[in-house]
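# Secondary and tertiary structure notes
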Amino acid sequence: MGIARGGGLVRRRLLVVLAMGLVALGCARRESKTSFKAPAPTGTASSASTSGTGTGTGGGATVPPVVPASTAATPSRPLSARTQHTATRLNSGDVLVLGGMESSTAVSANAEVYEAANGRFVVTRGRPIAARVGHTATLLPSGQVLVIGGQSDTAGQQVLDSTEFYDPATGAFRAGTRLGTPRSGHVAAVFNAQGTPRVLVAGGMNRTGTGGTTLFLNSAEIYDVATGQVSPVAARLTQNRMGGEALTLPNGSVLVQGGVTLGAGAGGQTQAAVADAEVFDPAASRFVLATPSAQPRFYNSLTLLTSGDALLVGGNTLQSQVLDSAERFQGTGANFAAVAGRMNAARESHTASVLPGGQVVIIGGGDGTSPLATTEVYDAVAGTFQAGPSLTTSRKNHTATTLANGTVLVVGGEDAQKTPLASSEIYTPGTLSGPTGPTTPATPPTTGTSIPTTTPPGGTTGGTTGGIPGFPGLPGTGGTTGGTSGGTTNFLGQALGTLLGGLLGNQSGSPVGQAFGNLFGNILGGALSGQPPSAQTILPQFLNLFGTIMGQALSGSGGGSGGGSAFPGTPEIDALQPATAAVGDTITILGTDFDPTAANNVVKFGGIQARVLRVLVGQPTSGAPTPASIQAVVPQGLFAGQQVDVTVTVSNYTTNAKPFTVR
C-alpha cells in the first residue's frame, strides 16, 4: 500500500506499458480506510444502517463482528471518471482525489476534493502541475500532500521525476524538489528521523529513453520535508521491484512488500511476482530482509491492523493464479504467518480498509477475468472472513478511504471493459447505501460496540465448584445495577447502593463480599428510593450469596467474581499500540481493571475526549489485576506532530499517563 495514513492506508495500482510486448501492469494507489455509501451532487440523501448491539449484567455479552447487510445503493458521480488514481484523507476529514486514467488513453491532469461534511465532490482551486498515473500522494504532518513521480502517458515513455505539494488551506499546488531518478509504480511512506518528517521513496520503474529499455529499480531516495532536499539512500533494495506496497510500522520502520521484479530469461526480460519483504531501518538507513511471504504476490493489499501487525490479502502470482489466501506480518518477529481462514473469493486489485472496531473490510477487485462487486470482512481476532454486502457497481483499481465518522468512501475504478468509472459508494459498518444527493454521513452508533469477554458470574462458579447442584448461585447484578434497579429516580439510593456494592464487593476481593454487596446493594438502593425490589429480584441475589458461601465452605475453592459492574479495581495503562497514529485512527490501550462497558471508560488524548469503540476484559485472577484493553479513536482537535498524554478515567479514578504522538 504505498503509505500508512491515519485514517487510512493508501494503496496503488499503476498502469505501465512495457517495451516488451506492451504488457500492462496496473498499480493504482489507494488509501485503506473504512466505509461505503454513495454521495451525489444533487437530490435528497438517503442511507440505511444496521448494527449489532450487546448489553447485559453480570458476565456481560459478547457482540459478534458487525457484517453489513446488503441494501440497494445508487452510485454518486465524482466530477471525473478515473481509475488507478490516489485518494488521500486530509486532516480536515475531506479526501483529495488526484490523477489516474480518465480513459484507456488519457492520463488525468485534474484533482477534486470530496467534502465529507456535505457529501459532495468539488474541483480543487488550483490545478495539478502535471498529469500523473503511477504516482504516490502522501499526507505530511503539516497537513499538506506530497505528490511524487508517476508517468504522464500510457506507454511509460514519459516517466516523471517531478514532485508537487497540495495545500488544503489554499487549494493550490506548488512544485517540489525533483527526484534523482524518474519513477513510476514506486512506494512512498512517511517516517521520522530525529523528530523530522521525511518520506522514503523506493523502487518503481523508469525508461532509458523514448523507445528504450524498461528498467525496474532497486534504488531509494529520501525527501526531507523540512529542507526540501532529496538525497539517495546508499543502501539498495535487495531486488528491483515495481508496484509493491509499503507502510510505516508502529516502531517507525517501513515495510516494503510484494510487487513485480524484472529479470533476464531465455526469451529476454521476464517478470515475476515478489515474495521477498524488506524493512527500512531509518536509524541505520538500510534495508533489512524479512522472512518472505508464503506466496509471491502482486496487486495485493497490505493493511496495518490495530494490533500493529500488517495484513497481506489476495493478489496475483503472475502465473494466472489469483489468490484467496492471506498472511499476517508480525512486526516483532519480522516474519509472515499464514491466516487460517480464506477469503470467500479470490481477488486482486482490491482495497482493504480498517474499520473502527479493528476489523478489515475488503472491497471489490478482480478475479483475473472480471471486476467484482463482492465484499468481505476480516475478523482480526478470529482470523476469519465473512461475506459482506455487494457493491452497486463491480469495480477494480478503485480507492477506498476511511472517513472520520467511520465510514469508507469508495471512488472510481474500472468496469469489465476497463472503462474508468465516474461513481462512488459509501460503506457504513452495517450497511451498503447510496444517497442520491449530497449528504452528511451519519456518525455510526456507539451502542453495542463494547465487546466485553464473558466474566465468571458471581456465585455460579462458586456454587458449582462447591458441588451444590441445588444451589448453584445465580449471576449477581453488581452494586451499581443493584442501586439503580432499586430506584432509577433516586440518586441517593443509586449512589449508596453502588458504594456498598463496591465496599463489600470487588474492592474487597472476596467472592463472599461481592455476593453480599450484590444482594444488599439492591436492597439498600430500593429502600432509599421508596421502590423496594421484588422477591423475584431478591431471591436470585440471595441464592447467589448462599451458593457462593456454601461453595467455599464445602470445597475450599472459592467462588469467582461478583459479576456486573460493581466498583472496579484500580485501572492502569501498560502500553499503547501503536504509540503513534493519525487523527481518526484506532489505537489499542493495554492495561488492567478497565470497565467492561465501553461508555464507563473516559479516554482522553491531551485533555480531548476520544470515542471508545470496545473493551476487551480478560480472565480475572484472584488477588491480581484483571488484564483488559480499550480500542479508541484518536480524536479531532489534535495536530500532526503533537505529543500528548493518554489517560483513562473509570469511576472518577484516572490512570497513569502514557505518551502518544500524533502522526
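Only a predicted model underlies this, so the values are computations on that prediction, with no experimental measurement involved. (Residues numbered from 1 in each chain as written. Predicted model: local features only at pLDDT ≥ 70, side-chain atom pairs only at ≥ 80, totals over all residues. Heavy atoms only, no water.)

## Describing the overall build of the protein
Looking only at helices and strands, the protein features five helices and 47 strands. Out of the 663 residues in the protein, the part that is buried amounts to 57%. Sequence separation of 24 or more characterises 60% of the internal contacts of the protein that already satisfy a separation of 6 or more. Accessible area of the protein: about 23600 Å², with a carbon and sulfur share of 55%. (Helix = DSSP H or I, 4+ residues; strand = E, 2+ residues; numbered from the N terminus. Buried < 20%, exposed > 50% of the residue type's maximum accessible area, 1.4 Å probe, protein only. Contact = heavy atoms within 4.5 Å. Areas by Shrake-Rupley, 256 points an atom, 1.4 Å probe, with all protein chains shown as cover.)

## Quick word on the pattern of salt bridges
Counting across every chain of the model gives 14 salt bridges. Measuring nitrogen to oxygen at the nearest pair gives 2.8 Å for the salt bridge that ties arginine 241 to glutamate 278. Taken together, the residues arginine 241 in the loop between strand E19 (230-232) and strand E20 (245-248) and glutamate 278 in strand E24 (residues 277-281) connect sequence positions 37 residues apart. Here the two residues arginine 241 and glutamate 278 agree in accessibility, since each one is buried. (Salt bridge = Lys/Arg side-chain N within 4 Å of Asp/Glu carboxyl O.)

## With respect to the packing of aromatic side chains
Under the counting rule described, the total for this entry stands at nine aromatic pairs. With 5.1 Å between their ring centres and 50 degrees between their planes, phenylalanine 280 and phenylalanine 287 make a pair best called tilted. Among the aromatic residues, those joined into a cluster by ring pairs are Phe191, Phe280 and Phe287. Lying over the aromatic face of phenylalanine 165, arginine 174 brings its terminal NZ or CZ to 4.2 Å of the ring centre. (Phe/Tyr/Trp six-rings, centres within 6.5 Å; stacked < 30°, edge-to-face > 60°. Lys NZ or Arg CZ within 6 Å of the ring centre and 35° of its normal.)

## So, the sheet that holds strand E12 (residues 163-167)
On the basis of which strands lie adjacent, the open sheet formed by four strands has the order E10-E11-E12-E13 and antiparallel pairing. In this open sheet, the two strands that pair with only one neighbour each are strand E10 (136-139) and strand E13 (172-175). Averaged over all adjacent pairs, the angle separating strand axes in this sheet is 25 degrees, with direction ignored. (Pairing = 2+ DSSP bridges. Axes fitted to C-alpha atoms, helices over the stretch in contact; angles between N-to-C directions.)

## Some points on the pairing of strand E8 (residues 111-115)
For E8, the tally of buried residues reaches four of five residues, placing the bulk of the element in the interior. The pairing of strand E7 (residues 95-98) with E8 spans four bridges and is classified as antiparallel. Looking at the pairing, leucine 96 lines up with valine 113 of E8. Alignment of E8 against strand E9 (residues 120-123), held across four bridges, turns out to be antiparallel. The partner of glutamate 115 across the bridge, within E9, is arginine 120. Turn length for the E8-E9 hairpin, with the two strands adjacent in sequence and antiparallel, is four residues, and the turn residue glycine 119 shows positive phi of about 65 degrees.

## Observations concerning the nonpolar core
Nonpolar side chains in soluble globular proteins generally cluster together in the buried interior. Counting 25 residues, the largest nonpolar core has Ile589, Val603, Phe605, Ile630 and Phe660 as its most contacted members. Elements with a contribution of two residues or more to this core: strand E38 (572-577), strand E40 (586-592), strand E41 (601-605), strand E43 (611-617), strand E44 (627-633), strand E45 (643-650) and strand E47 (658-662). With four residues, the single largest contributor to this core is E45. Excluding anything up to four places from it in sequence, phenylalanine 605 contacts Ile587, Ala610, Val633, Val634, Pro635, Leu638, Val644, Asp645, Val646 and Phe660. If you look at the next biggest cluster of nonpolar residues, it comprises 15 residues, including Ala189, Ala202, Ile222 and Val254. (Core = buried A, V, L, I, M, F, W, Y, C linked by side-chain atoms within 4.5 Å.)

## Let's talk about the sheet that holds strand E6 (residues 86-89)
Taken together, four strands build an open sheet; the order of strands is E6-E7-E8-E9 and the sheet is antiparallel. The strands lining the two open edges of the sheet, one partner per strand, are E6 and E9. Going across the sheet, the axis of each strand differs from the next one's by a mean of 25 degrees, ignoring polarity. The sheet contact formed by E6 and E7 spans four bridges and is antiparallel. Following the sheet pairing, threonine 88 is matched in E7 by leucine 96.

## Considerations on the environment of glutamate 112
In this fold, glutamate 112 is placed in strand E8. For the pair formed by glutamate 112 and serine 80, sequence separation is 32 residues and the distance between their alpha carbons is 8.4 Å. In this view, glutamate 112 contacts Pro78, Leu79, Ser80, Arg82, Val95, Leu96, Val97, Phe121, Val122, Val123 and Thr124; residues no more than four positions away in its chain are not counted. Polar contacts involving the side chain of glutamate 112 include one to the main-chain amide nitrogen of leucine 79, which spans 2.7 Å. (Polar contact = N/O pair within 3.5 Å; in protein donor to acceptor, adjacent residues only side chain to side chain.)

## Structural notes on the confidence of the model for the protein
Summarising the model, the protein shows a mean pLDDT of 74, and 65% of its residues fall at 70 or more. Taken together, the stretch residues 1-75 has pLDDT below 50 and engages in 368 contacts with residues farther than four places along the chain or on a different chain. Ignoring residues within four places in sequence, the model shows residues 554-568, a span with pLDDT below 50, making 57 contacts including any to other chains. (pLDDT = per-residue confidence, 0-100.)

## Quick look at the pairing of E24
Each regular strand carries side chains that alternate between the two faces of the sheet. Burial within E24 is extensive, with four of its five residues counted as buried. Where E24 folds back onto strand E25 (residues 286-290) in an antiparallel hairpin, the turn is made up of four residues, including serine 285, whose phi is positive at roughly 50 degrees.

## Regarding unusual backbone geometry
Look at the link from glutamine 577 to proline 578: it is a cis peptide, with omega at -10 degrees. Among the structural elements, proline 578 can be located in the loop between E38 and strand E39 (580-581). Not every positive phi belongs to a glycine, and serine 651 is a case in point at roughly 50 degrees. Here serine 651 is to be found in the loop between E45 and strand E46 (653-654). The phi dihedral of asparagine 652 is positive, around 70 degrees, even though this residue is not glycine. For asparagine 652, the position within the fold is in the loop between E45 and E46. Assessed through its relative accessible area of 78%, asparagine 652 is described here as exposed.

## Focus on the side chain of threonine 86
Take threonine 86: it is sitting in strand E6. Take threonine 86: its relative accessible area is 1%, and that puts it in the buried class. A polar side-chain atom of threonine 86 sits 3.1 Å from a polar atom in the side chain of histidine 135.

## Re the side chain of glutamate 414
In this fold, glutamate 414 is placed in the loop between strand E35 (408-411) and strand E36 (424-428). One buried charge, glutamate 414, has no salt-bridge partner; the nearest side chain with opposite charge is lysine 418, at 4.5 Å. Polar side-chain contacts of glutamate 414 include one of 3.3 Å to the side chain of asparagine 397. The contact partners of glutamate 414, leaving out residues within four places of it in the chain, are Thr83, Gln84, Pro371, Ser394, Arg395, Lys396, Asn397, Thr419, Pro420 and Leu421. (Lys, Arg positive; Asp, Glu negative; His and termini not counted.)

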